[in-house]
Structures are given as structure tokens and as C-alpha cells.
Amino acid sequence: MAQPANQTSAAAHDAAPVASTALQGLRVLDLTRVRSGPTCVRQLADWGADVIKIEAPVDTAQFGGPRSGPDFQNLHRNKRSLTLDLKTEKGLEAFKRLADSADIIVENFRPGVKKRLGIDYDTLSQTNPGLIYASISGFGQDGPLADRPGFDQIAQGMGGLMSITGEPGRGPMRVGIPIADLCAGLFAAQGILIALFERQKSGKGQWIQTSLLQAQVFMLDFQAARWLMNGEVAGQAGNNHPTTIPTGVFPTSDGFMNIAVAGEVIWQRFAKALGREDWIEDCRYKTAPDRSKNREALNAEIAEITATQPTAHWIDMLIDAGVPAGEINDISQVFETPQVRHLGLAQPVTSQERGDTELVGQPIIMSRTPSQIAAPPPMAGQHSADILSEIGYSEAEIAEMKAAGAT
């Protein structure tokens, strides 16, 4: 198990960003790239862990977009960077020495890569039994598809999401964010935190595994349960809620809005608010099954009414009536919204490549240990000398490694 001495080593340098005190003292080795793995590690870095991003001496950031790009900047803040060539003897030796002092390692290589390098969990845990090792892959660490390359849209399709997204009859549709990547990263971070809690009792680490496919299938949630329990295969419903009607997108005189009418009480409030109390007793709409059967007719009647007034009018009126409703914002409007500003979701940072800018902050508020963006993404190898010296390398040894291309 990584000893409490790690806390001293992590605090002994001035270069490590302190984003929060919540996870301060934990050392994380980040072997990830692109999105799912960096999403996981960002959760640890933003809550104060000392995250060391292990990078190749030749900058490979372009694989996940340019280092100066918004994607890389948003994923890799609050970290330090160490360049190591793990295919060299000295680079691999340095990584293993660092792994002995680590609490957590996160990687998203294809399953066989870490074993070929000799940096898999079974190998590293022999000298660090408290190590928590998280692996994210496309389809799992074993099984018939384990060696397939995994990409978000592939997982969205194979995991069923594209079959229930989009309008009926228009073909499968991906969602507008890489949801399989993001959820796999978040689940891996959750697994790490669970393992940290368990380690307090057992003193032992463990190997955590998740994949884009597992994350995507889990995120089907109630749609998956409808199949598993009732044999119902959900289809595309466009902007309509698949089971709660009328819930969906409706036109207004200046755009569109969302209305969510869930349950009989809200249905009656809604009908009264629109001046259509007759709907309450209308045999086509009287019960939830009736409204489901006659969804198209009901939506058309609602749209005829909502199209007569601007969005703001309807939202104010419906909210006052106790009916959930909301604007449909583009992304620029999202960050202009007073509530989003109040919640502090856009946080300032001075990027090394871009100067003063903003990134997306954590969506969790902690009363004593809040998170902040304490440092922008590091330059490749920015902290190599500091980190290597922390694990006992002399200046001469570091210079020798650099000359050999190991760092």
C-alpha cells in the first residue's frame, strides 16, 4: 500500500496545483489519452490529488486534439507533466519506481498493451499492494470483443443509444456529446473512490475495470429495464418523452420550448393553464394511456396554442401554474443564463497557450473542500525534473535520461 509518506512527497514541491484539499495527499499516475481516461483523471485532479500526466517525450497530444485546443485544455487542467518513454529501459524503470509511491494509476490502453509493457496491475501490485489501478477500454478487459478498438460513437450504436435517439423513421442518431466516453470516465472515478474507501479497512488496493460499452448499456437505465422486465423494445420518440405524455418540445412565436407534464395533477394544471379544461374529460386524453395513444393529436393541439405567444410568456405562465417548462438554449445562451453564472460553472484560468480564458468547472459544490481550476494544463514534460527528483533521481541521472531520450 502507498504509505502516508506520499503525502509528504506530494506536498513537498511548490509546482503541484492545489485544486482542493479533498483528495490532497493522493498521488495519481495518468497514462490516459483522448477522452474517457482523462475524464476520469480530471475528477481526481480537480478534487486535489497530485496527478502526474505521463507523456511520451515526443508530444502526442494531437491524438486527442491540439494541446492548445479547448478539448485538451478542459480535460488536462490541475496536473503535472512527466515525459517518459516506457519502451526504454530507463523510462520504464523510472515509471515503476514512481508506481511504487502511487496511490492510483489510470490507463485506457487496449487490454494487451499494459501487459506487454509490464505495467499491468498484477505486476505493479506485487511491490505496491495498496495500489488502486483503473482500466478503461472499449469493450472490457476480456471476452470476445476485448481487442476491438473502442470509440464513443461505436459504443453509442452497439449499446443501444442510437436506436432510441432521433425522430421515428429517420434512422439511428448519435447524441451530441460523447456520452459513452464521459460516463465510462465518471464510473471509473467512482470506482476509484469506492476502492479508496475500502482500502482504509483492508489496506489493499484492487483492479477497477469499466468500458465504453458497459457505461453505455448502464446508461440505458429505464429503457433497459423496460426490455429486461417487460420485454418492451423502445424505439425513437424524437423530442417526445417515451412514456410521459405530453412531455416534449413545442413551438412558440419566437422559437421553441420544453414542457414536462408528468402525472395527473400536473396534467390538470396544464390543461387549465392553457384554457383547455375540456381536455381533462376528453375521452382521447383523460388518462395517461389515452394521451399516449393519441399523442400526435394532443401535441398538435398544444402546438397550435403555444405558437401564439413568445417563449418567455409561456414559461412564466406555466411555472406560475406549477407546470415544469424551460427554454431551449444554444451553448452561448447556456453560459449567459443567470443561474449558470450563479453556480460558477465557467471558471477562469490563465492558459499557457491561450492566455486568460475559461473552462468548465466541477458541477459539485462542497461546503468545506470546494474545487477550483488552480492551474492550466502543463506543458509536456514541464515537471519532469521535479518529479524525478522526488523519487530519488539525481540531477546527473536526470540529465543522462534526457540525453538517452528516456525523458
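Since the structure is predicted, the reported quantities are computational estimates derived from the model, not experimental observations.

Novice: Mind showing me how you'd approach the packing of aromatic side chains here?
Specialist: Aromatic ring pairs are defined here through the distance separating the ring centres and the angle between the ring planes. Taken as a whole and judged by the stated rule, the model has six aromatic pairs. When the centroid spacing of 5.3 Å and the interplanar angle of 85° are considered together, the rings of F187 and F218 count as edge-to-face. Highlighted residues: F187 in helix 8 (residues 179-202) and F218 in helix 9 (residues 212-219), separated in sequence by 31 residues. On the accessibility criterion, F187 (24% relative accessible area) is partly exposed. Both rings, one in W267 and one in F270, keep their centres 6.3 Å apart while their planes meet at 40°; by these two values the pair is tilted. Here W267 pairs with F270, and both are found in helix 11 (residues 264-273), just three residues apart, close to one helical turn. Put simply, the rings of W267, F270, W279 and Y285 touch in pairs and so form one group of aromatic residues.

Novice: Please clarify how the pattern of salt bridges should be interpreted in this entry.
Specialist: Pairing is possible between side chains of opposite charge, provided their charged atoms come close. By the definition in use, this model includes 20 salt bridges. Between R27 and D50 there is a salt bridge, and its shortest N-O distance comes to 3.7 Å. With a gap of 23 residues between them, R27 in strand 1 (residues 27-30) and D50 in strand 2 (residues 50-55) connect regions that are remote in the sequence. A single burial state applies to R27 and to D50, both of which are buried. Where salt bridges share partners, they join R276, D278, D282, R284 and E301 into one cluster.

Novice: How should the sheet that holds strand 7 (residues 247-252) be read in this particular structure?
Specialist: Backbone-to-backbone hydrogen bonds join strands into a sheet, with any given pair of strands oriented parallel or antiparallel. Read across the sheet, three strands follow the order 7-8-9 without closing on themselves; strand pairing throughout is antiparallel. Because the sheet does not close on itself, it has two edges, and the strands there are strand 7 and strand 9 (325-327). Strand-to-strand twist of the sheet, defined as the mean angle between neighbouring strand axes without regard to direction, takes the value 30°. By the bridge criterion, six bridges tie strand 7 to strand 8 (residues 255-260) in an arrangement that is antiparallel. Each bridged residue has a counterpart across the sheet, and for G248 the counterpart in strand 8 is I259. Against the sheet, helix 14 (residues 295-306) makes contact with strand 7 and strand 8, and its axis sits at roughly 35° relative to strand 7, the strand it touches most.

Novice: Just to check I follow, could you spell out the environment of T357 for this structure?
Specialist: Here T357 lies in strand 11 (residues 355-360). With relative accessibility at 27%, the residue T357 sits in the partly exposed group. For the pair T357 and Q347, spaced ten residues apart in sequence, the C-alpha to C-alpha distance is 8.4 Å.

Novice: Quick question: what am I supposed to make of the confidence of the model for the protein here?
Specialist: Regions with low pLDDT should not have their predicted coordinates read in detail. Mean pLDDT over the protein works out to 94, with 94% of the residues at or above the 70 mark. With pLDDT under 50 throughout, residues 1-14 is counted as low confidence; its partners more than four residues away or in other chains account for 24 contacts.

Novice: Please clarify how unusual backbone geometry should be interpreted in this entry.
Specialist: Working note: non-glycine residues mostly have negative phi, and peptide bonds are mostly trans. A cis amide bond, omega 5°, links I245 with the succeeding residue P246. Mapped onto the secondary structure, P246 falls in the loop between helix 10 (222-230) and strand 7. Even without glycine at this site, N78 takes up a positive phi of about 60°. Within the element layout of this structure, N78 appears in the loop between helix 3 (70-75) and strand 3 (80-83). Even without being glycine, D221 reaches a positive phi, approximately 50°. Here D221 shows up in the loop between helix 9 and helix 10.

Novice: I'm lost on the pairing of strand 10 (residues 346-351) in this one. Help?
Specialist: The side chains of a regular strand alternate, first on one face of the sheet and then on the other. Only one face of strand 10 is covered, namely the one carrying Q347, V349 and S351; the face carrying A346, P348 and T350 has none of its residues buried. Direction of pairing for strand 10 relative to strand 11: antiparallel, over a ladder of six bridges. By the bridge assignment for strand 11, Q347 is matched with L359.

Novice: Help me understand helix 8 in this model?
Specialist: Working note: α-helix, 3.6 residues per turn, so residues spaced by three or four point in the same direction. A rise of 1.5 Å per residue sets the reference length of helix 8, with its 24 residues, at 34 Å; its end C-alpha atoms lie 34 Å apart and thus fit the reference within 8%. Within helix 8 the residues assigned to the buried category are A180, D181, C183, A184, G185, A188, A189, G191, I192, A195, L196 and R199. Its buried side turned inward, helix 8 meets helix 2 (36-46), strand 4 (104-107), strand 5 (132-137), helix 7 (152-158), strand 6 (207-211) and helix 9.

Novice: Quick question: what am I supposed to make of the state of the cysteines here?
Specialist: Note: disulfide means a covalent bond formed between the sulfur atoms of two cysteine side chains. Tallied over the full model, the rule gives zero disulfides. There is no disulfide at C183, and the cysteine sulfur nearest it, in C40, is 13 Å away.

The rules behind the values
- Residues numbered from 1 in each chain as written.
- Predicted model: local features only at pLDDT ≥ 70, side-chain atom pairs only at ≥ 80, totals over all residues.
- Heavy atoms only, no water.
- Phe/Tyr/Trp six-rings, centres within 6.5 Å; stacked < 30°, edge-to-face > 60°.
- Helix = DSSP H or I, 4+ residues; strand = E, 2+ residues; numbered from the N terminus.
- Buried < 20%, exposed > 50% of the residue type's maximum accessible area, 1.4 Å probe, protein only.
- Salt bridge = Lys/Arg side-chain N within 4 Å of Asp/Glu carboxyl O.
- Pairing = 2+ DSSP bridges.
- Axes fitted to C-alpha atoms, helices over the stretch in contact; angles between N-to-C directions.
- Contact = heavy atoms within 4.5 Å.
- pLDDT = per-residue confidence, 0-100.
- Expected span 1.5 Å × (residues − 1).
- Disulfide = S-S within 2.5 Å.

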